[in-house]
Structures are given as structure tokens and as C-alpha cells.
Amino acid sequence: MAELSCEVLVVGAGPTGLMLANWLTRLGVRVIVTDTKDGPTRESRALVVQARSLEIYDQLGIGDQVLDAARRAEAFAPGYGPRAFGRIPLGPLGALITPYPYIEVLEQSRNEEILYDNLRKLGREVHWETPVTAVVQTEDGIEAKVGNDTVRARFCVGCDGSNSLVRRARRIPFEGVTNPYRFFVLDAAGTRGLVGGAINVRPDGSDFLVAFPMRGDGNWRLIGAVRDTGGDGRLEEDDARERIGRTFGVTYDVSRWFATYRVHHRVAAAFRDGPFFLAGDAAHVHSPVGGQGMNTGLQDAHNLAFKLADVLRGVRRDGWLDRYEAERRPVARKLVSTTDRLFGLITSARLPARTLRRLVVPLIAPIGVRLLPRSAAGSRLFQYVSQTRIHYRLGSDVPGRSRRRDPVVGRRLPWTGGNHEVLRAAEWQIHGYGGVAAEAVPDLGLAVHLFPAAPGTALRPGLLYLVRPDGFVAARAEPAEAEPRFRYALSG
């Protein structure tokens, strides 16, 4: 038995915990990472990497590795039952929004492997097969029982999944419901009946099917749901195979993996409790509709890492950490409520909903295939799905004024085609986009980047923007007013 110390104890080495550990290590924070598993996950339900997560991977320096390992989905293919209504190309929807205007299909297990390999390159290891069995708050932070050892740390982050020990130990309620449907997930080879290279979404009267293209010809991840009407909830692969063939006209030669699970829609009542934090599935769980779960956890980790590093380095006061819950919990609540409503609409067994699906989907889906690629609505939909439209309510750029509707402040820095590369420095920065002379920028000890004007974005010439290390814009001002406004924003 040993006594160990660190600045942050990360409980859980899934995608969220590994992303957090990578960023903290890169920022010079001493971490200990522990997990009950014997290594990265081998089989996993999550498999979509959205554009915003790819931007974070790029900032970390491993974006190309993720892209090389992933299978690109270049289109969205709506349908109904066995019918497909064509393809909605994703590229045109996001081409002016992000350098990653597609959806990349990459299993959670591969995300974990890439993050773990990078963590080891940074000189940090994971304590595998080492459960945390108790956590308590102390005068100086936290104390935890980790395997046979005692770990003392300033902070502890629970990234330990929906059954989080950290959340339960702190008695934080996990509010929400369990869906009456049982999901199945199936990795199929030799698959037929789907639109190639696209994410296929097909509701039906009572069932639904979502299919993701995987690496290799004919390889697909199939996800469906069956309502549990009071039986034992068991669903065998042969049952699922028969249902998707009969209902959706999709057949396959062999499956490599089949599993079933229940879906919960829950959000923790708090994301922070003193020196304890929750992130990823420990903080929020929801249906897989939209492929948002793993991505939300990765972005939780990204957001929290910079705040912890700022406080541990004395750059910010402890109250700065309250911003984590203020920013990320509303995102989780909106996500859970949206996916819950969408899932309910797709799967409701009530006659009005079934009739609506049967009549409306075949009517509007072909219209959407034709119109969305050329419409502002299509681009906006891509921004929501890709998580590039997330907004944090910040009042820091002007004291006492809400910036809820500001097109730039509180949002991820709009991409102009070449301005995101400087974010790899992971530091506070000042940006200008045309109409600003270098001598007009106040000297706040921050890196300054002046770009050409960016028409077609919300970035206005003649203004300066204060950009956080996580790539979100903290404040904007005319050069003459920038120093007091930016100092106010930097003060936290």
C-alpha cells in the first residue's frame, strides 16, 4: 500500500477520461488516471466523431490519426421501411463551417486507443484494473482509495460512466427516465439494402433502423430498437435479423458482434460538488439518436481541462471552475431533451404518431433530399448535429449585459479557412479580422493574430476578439475599448 499525490485524479479511462488526461498532461498538470478495465474498450456502442470533436483532436495534434482510422460518411440517406429516398450530401452543408464537413465513423474503442497512445507519448500511463472504491473531501482537496493505494489530489473528476462511483459517493441525483425500448447493436458483414457511404435512417410504423458505414466493403453498424412490452426484454440476434430484413429490406451474411441495451435519458443535478466534477456519461446519458453522446463527453473534458489548469497555475480563482457547470450542463440538458423528444417521435407506438410517420416521412424526406443541400436550413442543421453551434451564456465582455444572442461571443470561433491553426497553441489570444492596425491592439501579454476580413462569417472588420484556449470567444470590442473589456473577461 502506497500514498500517492497528484493535482487531478481522473476516475475512468474511456474517451472522456482519456481526453481530459491528455489535455491536463499537455498543460503541465500532474494527473493520475485509473480504470477498472484491463485496457481500452474492445467493443463499443458509440462510433460517430462529429466536426467539433475533430477540431479538438486537431488542436491536440492527433486529428490526422483520427481521420486515417475513420470511415467517412459523406451523406445522410433518409428512408421509410424498405424505401430509401436518396442522399443528402454533407459536404455542401458544412463546407463553410468547419474543415471537417462530414461525419467520421470511428468506434469508441479506436478513439480510446488513439487517445491512450497519445497519452503514453506525453509520458503518462493509466492505472488499469485499479478500481476507485471510496472518495472523500478533505481540507486540501480529495482523498481516494485507489486499488490498494491512497491518492490525495486537489481535484477529482468522475469520468466513470453512467454508474459513476464518484457521482454516487457525492450523492448527486441522476435525474431522468429509462426508455421503454431495448436497443440492439449489430456489426454486420456482407450487408445489402442500404445506400452506400451514407448514414441511413429509416423509421417504420413501430420500429426504426440506423445504419453507419464501417471500414471494409459491406461492413455496417446496424442499430435498432424494439419496445419492451412487459416481457423479459430479451432479444436474440436471429430476432433482430428477421425484423430488419422483413421491415427494412436489409440483409447481411454474418455478424461480428451483437448486443442489446437499455437507453436512459438522465442529467446529473450538479456537474460540480466542491473539488469533485462529473463529465461524460457520469454527467449525462441519452439515446444514440444523432451520434452525440461520446462527442459531448469529449467536449466536457476539453472545456474542463483548461479551467482546471488555469486555477492550478494560479491564473484564475477557484470560482472560475463554476463556469464548467454553467457552460456544459445546459448543453447536456438541451441535448437530452432534444434526443428524448426525437426518439419519442420516431418510436412512439401511439396511433397518431405512427400515422404521422407513415404519411409525413415519405412526403417530406424526398423534398428534403432536393432542398436541404442548397438551403440555409441545411447548413444550420449541420451546425447543430456537428456541435459547432454550441453557445455558452457569457456576460464577461460587457459587465451587466447578457450576450445570449451575440453571434460570436460565447460561441466557438467561426472558421474562416485558416484561422483555427493558431488555436493549437492552446492559449488566450486576441484576433482581428480586417480593419485593425497592429499598433491599435492593447498589450495584455497575449498572442495577437490579425487576419484578413472574413466575409460570410459573423466576424466583423474593425473589432478585436478575445479567444479562450478552448477556442470559444470570450469577448469582443473596438480597439479603443478593448483593454478594459478584455481585462474584465480575463479576470473571470
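The paragraphs below set out a description of the structure included in this document. (Residues numbered from 1 in each chain as written. Predicted model: local features only at pLDDT ≥ 70, side-chain atom pairs only at ≥ 80, totals over all residues. Heavy atoms only, no water.)

**A short note on the nonpolar core**
Within soluble globular proteins, side chains that are nonpolar generally end up buried alongside one another.
In step 1: Among the nonpolar cores identified, the biggest contains 112 residues, and Val8, Leu9, Met19, Leu24, Val157, Leu308 and Phe486 are the most heavily contacted of them.
In step 2: When neighbours within four sequence positions are excluded, Leu24 is seen to be in contact with Val8, Val10, Val29, Val31, Ala305 and Leu308. (Core = buried A, V, L, I, M, F, W, Y, C linked by side-chain atoms within 4.5 Å. Buried < 20%, exposed > 50% of the residue type's maximum accessible area, 1.4 Å probe, protein only. Contact = heavy atoms within 4.5 Å.)

**As for helix α12 (residues 479-491)**
In step 1: Taking 1.5 Å per residue as the helical rise, α12 with its 13 residues ought to reach 18 Å, and the 19 Å between its terminal C-alpha atoms agrees with that figure.
In step 2: The largest bend in α12 is about 25 degrees, located at Arg485.
In step 3: The set of residues buried in α12 consists of Ala482, Phe486 and Ala489.
In step 4: For α12, the elements touching its buried residues are β21 (429-433), β23 (464-467) and β24 (473-477).
In step 5: Two residues or fewer after α12 comes Gly492, characterised by a positive phi angle close to 80 degrees. (Helix = DSSP H or I, 4+ residues; strand = E, 2+ residues; numbered from the N terminus. Expected span 1.5 Å × (residues − 1). Bend = angle between axes of the 7 residues up to and from the residue.)

**Things to note about the packing of aromatic side chains**
In step 1: Scanning the entire structure with this criterion turns up 11 aromatic pairs.
In step 2: Ring geometry for Phe155 against Phe277: centres 6.0 Å apart, planes inclined by 65 degrees, an arrangement best described as edge-to-face. With Phe155 in strand β12 (residues 149-158) and Phe277 in strand β19 (residues 276-278), this pair connects stretches of sequence that are 122 residues apart.
In step 3: Taken together, a centroid distance of 6.2 Å and an interplanar angle of 65 degrees make the contact between Tyr433 and Tyr465 edge-to-face. One end of the pair, Tyr433, is in strand β21; the other, Tyr465, is in strand β23, and 32 residues separate them in sequence. There is no split in this pair, since Tyr433 and Tyr465 are both buried.
In step 4: Site record: aromatic cluster; members linked through ring pairs are Phe155, Phe271, Phe277 and Tyr324. (Phe/Tyr/Trp six-rings, centres within 6.5 Å; stacked < 30°, edge-to-face > 60°.)

**Regarding the sheet that holds strand β22 (residues 447-451)**
In step 1: In spatial order, the strands read β22-β21-β23-β24; together these 4 strands make up an open sheet with mixed pairing. Strands at the two margins of the open sheet, each flanked by one partner only, are β22 and β24. Ignoring which end each strand starts from, the neighbouring axes of this sheet average 20 degrees apart.
In step 2: Where β21 lies against β22, 5 bridges are found, and the strand directions are parallel. (Pairing = 2+ DSSP bridges. Axes fitted to C-alpha atoms, helices over the stretch in contact; angles between N-to-C directions.)

**Some details on the packing of helix α1 (residues 15-26) against helix α8 (residues 293-312)**
In step 1: For the pair α1 and α8, interaxial distance at closest approach is 8 Å and the crossing angle is 30 degrees. Overall, the two elements α1 and α8 adopt an arrangement that is roughly parallel. In terms of crossing hand, the pair formed by α1 and α8 is right-handed. Here Pro15, Thr16, Met19, Leu20, Trp23 and Leu24 of α1 lie close against α8, whose contacting residues are Met294, Gly297, Leu298, Ala301, His302, Ala305, Phe306 and Leu308.
In step 2: Residue composition of the contact of α1 with α8, by class: 11 nonpolar, 3 polar and no charged. (Parallel < 35°, antiparallel > 145°, perpendicular 65-115°, else oblique. Left-handed = near helix turned anticlockwise from the far one by under 90°. Nonpolar A, V, L, I, M, F, W, Y, C, P; charged D, E, K, R; others polar.)

**Focus on the pattern of salt bridges**
In step 1: Summed over all chains, the structure comprises 27 salt bridges.
In step 2: Between Arg412 and Glu55 there is a salt bridge; the shortest N-O distance is 2.8 Å. Pair noted here: Arg412 is in the loop between α11 (376-386) and β21 and Glu55 is in helix α2 (residues 51-60), with a separation of 357 residues, a long-range link. Note on accessibility: Arg412 and Glu55 belong to one class, buried.
In step 3: When the shortest N-O distance is used, the salt bridge between Arg120 and Glu125 registers 3.3 Å. (Salt bridge = Lys/Arg side-chain N within 4 Å of Asp/Glu carboxyl O.)

**So, unusual backbone geometry**
Leaving glycine out, the prevailing phi sign among residues is negative, and the prevailing peptide bond configuration is trans.
In step 1: Positive phi, normally seen in glycine, also occurs at Glu129, with a value near 50 degrees.
In step 2: Tracing the backbone through its elements, the reader meets Glu129 in the loop between β9 (126-127) and β10 (132-138).
In step 3: With phi around 55 degrees, Ala426 is a residue other than glycine that occupies positive phi space.
In step 4: As for its placement among the helices and strands, Ala426 is situated in the loop between α11 and β21.

**Describing the side chain of Asp207**
In step 1: In this structure, Asp207 sits in the loop between β14 (198-203) and β15 (208-213).
In step 2: Here Asp207 falls in the buried class, since its relative accessible area comes to 7%.

**A look at the packing of α1 against helix α5 (residues 108-121)**
In step 1: Where α1 contacts α5, the two axes come as close as 9 Å, and the packing angle between them is 20 degrees. Relative to α5, α1 is oriented roughly parallel. Here α1 and α5 pass one another in a crossing that is left-handed. Here α1 contributes Pro15, Leu18, Met19, Ala21, Asn22 and Thr25 to the contact with α5, which in turn contributes Gln108, Glu112, Leu115, Tyr116, Asn118 and Leu119.

The values reported here are purely geometric and, on their own, carry no functional implication.
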